[in-house]
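Reading the structure
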Amino acid sequence: VPEQHQKRFSDLLRSLDRGLNGVVRGQLLICLVNGVLTFIGLLIIGVPFAFTLGIVAMVFSLIPIFGTILSSIPIVIMGLTISFGTGLAALGWILLIHFIEGNFLNPKIMGTAAHIHPAIIVFVLVTGEYMAGIAGALLAVPVYSILQTFFFFLKSMVDELEKDLSKKTNL
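Moving on to helix α2 (residues 50-60). Among the residues of α2, those classed as buried are A50, L53, G54 and A57. When α2 is viewed along its axis, its buried side chains cluster within an angular range of 105 degrees and face the same direction. Check the buried side of α2 and you find it contacts α1 (6-45) and α3 (66-82).

Next up, the structure:
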């Protein structure tokens, strides 16, 4: 990068880093909330190995949509070892957590951490999933964060150019 552009380039890299850090922090926080809620619910319901299953749910929640399905299988199986009602209660709890996470927590937490409006997060996730399936849903928010950073960077450069031009024309 030429010396005269190094400050702008450093600003761009810092902005990219801030945005992507927000996305990663937000996703990790969502995973933690998912794991804790799963653990608490399974403990209340009486499903064996609630702590281990909560950890599994926490880790698998990194995978959009299918992570919940994959982590639900051992949870329901463990619930069924107690009774059919316990298995159904465990499934209902997981579905409730998934509903709350997908419709409220994910947009709010990701939006706050990555400085993206929650409604845009929902739109970006749906669009990413529609365009590229699971991989699209997984990468949608980070890609949007990068595009948003570039947009704001270019906008600030245009604003600076307009300000410089207005100074020159006023002289």
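Read on for the rest.
A cluster of nonpolar residues, V24, L28, L62, I63, F66, I69, L70, I73, I77 and I134, forms a patch on the protein surface that exposes about 850 Å² of accessible area. Listing elements by their share of the nonpolar patch, those giving two or more residues are α1 and α3. For the nonpolar patch, the element with the highest residue contribution is α3, accounting for five residues. By secondary structure assignment, the location of I134 is in helix α5 (residues 118-170). When its relative accessible area of 35% is taken as the criterion, I134 is described as partly exposed.

Describing two packed helices takes the angle between their axes plus the distance from one axis to the other. Taken N-terminus to C-terminus, the directions of α1 and helix α4 (residues 84-114) make an angle of 155 degrees; their axes are 9 Å apart at the nearest point. Between α1 and α4, the crossing angle belongs to the class labelled roughly antiparallel. The interaxial crossing formed by α1 with α4 has right-handed handedness. Of the residues contributing to the contact of α1 with α4, the split by class is 17 nonpolar, nine polar and two charged.

With that settled, the discussion passes to the pattern of salt bridges. Where side chains of opposite charge bring their charged atoms close, a pairing between them can arise. A complete count under the given rule lists four salt bridges for this structure. A salt bridge links K155 to D159; the nearest nitrogen and oxygen atoms lie 3.3 Å apart. One end of the pair, K155, and the other, D159, are both in helix α5, four residues apart, so they sit about a helical turn from each other. Look at K155 and you get partly exposed, because its relative accessible area is 41%. Here the salt bridges share partners, and the residues they tie into one network are K7, D11 and R14.

Quick look at the nonpolar core now. Ranked by size, the top nonpolar core spans 10 residues in total: V23, I30, I109, M110, A114, I116, I121, V124, A140 and V141. The set of elements that each furnish at least two residues to this core consists of α1, α4 and α5. With four residues, the top contributor of residues to this core is α5. Look past the residues within four positions of V124 in its chain and what remains in contact with it is A140, V141 and Y144. Core analysis: the second largest hydrophobic core is formed by eight residues, V47, A50, L53 and M78 among them.

Definitions and limits used
Residues numbered from 1 in each chain as written. Predicted model: local features only at pLDDT ≥ 70, side-chain atom pairs only at ≥ 80, totals over all residues. Heavy atoms only, no water. Buried < 20%, exposed > 50% of the residue type's maximum accessible area, 1.4 Å probe, protein only. Helix = DSSP H or I, 4+ residues; strand = E, 2+ residues; numbered from the N terminus. Arc of directions from axis to C-beta. Contact = heavy atoms within 4.5 Å. Patch = residues over 30% accessible without salt bridge, like charges linked within 9 Å, V, L, I, M, F, W, Y side chains within 5 Å. Areas by Shrake-Rupley, 256 points an atom, 1.4 Å probe, with all protein chains shown as cover. Salt bridge = Lys/Arg side-chain N within 4 Å of Asp/Glu carboxyl O. Axes fitted to C-alpha atoms, helices over the stretch in contact; angles between N-to-C directions. Parallel < 35°, antiparallel > 145°, perpendicular 65-115°, else oblique. Left-handed = near helix turned anticlockwise from the far one by under 90°. Nonpolar A, V, L, I, M, F, W, Y, C, P; charged D, E, K, R; others polar. Core = buried A, V, L, I, M, F, W, Y, C linked by side-chain atoms within 4.5 Å.

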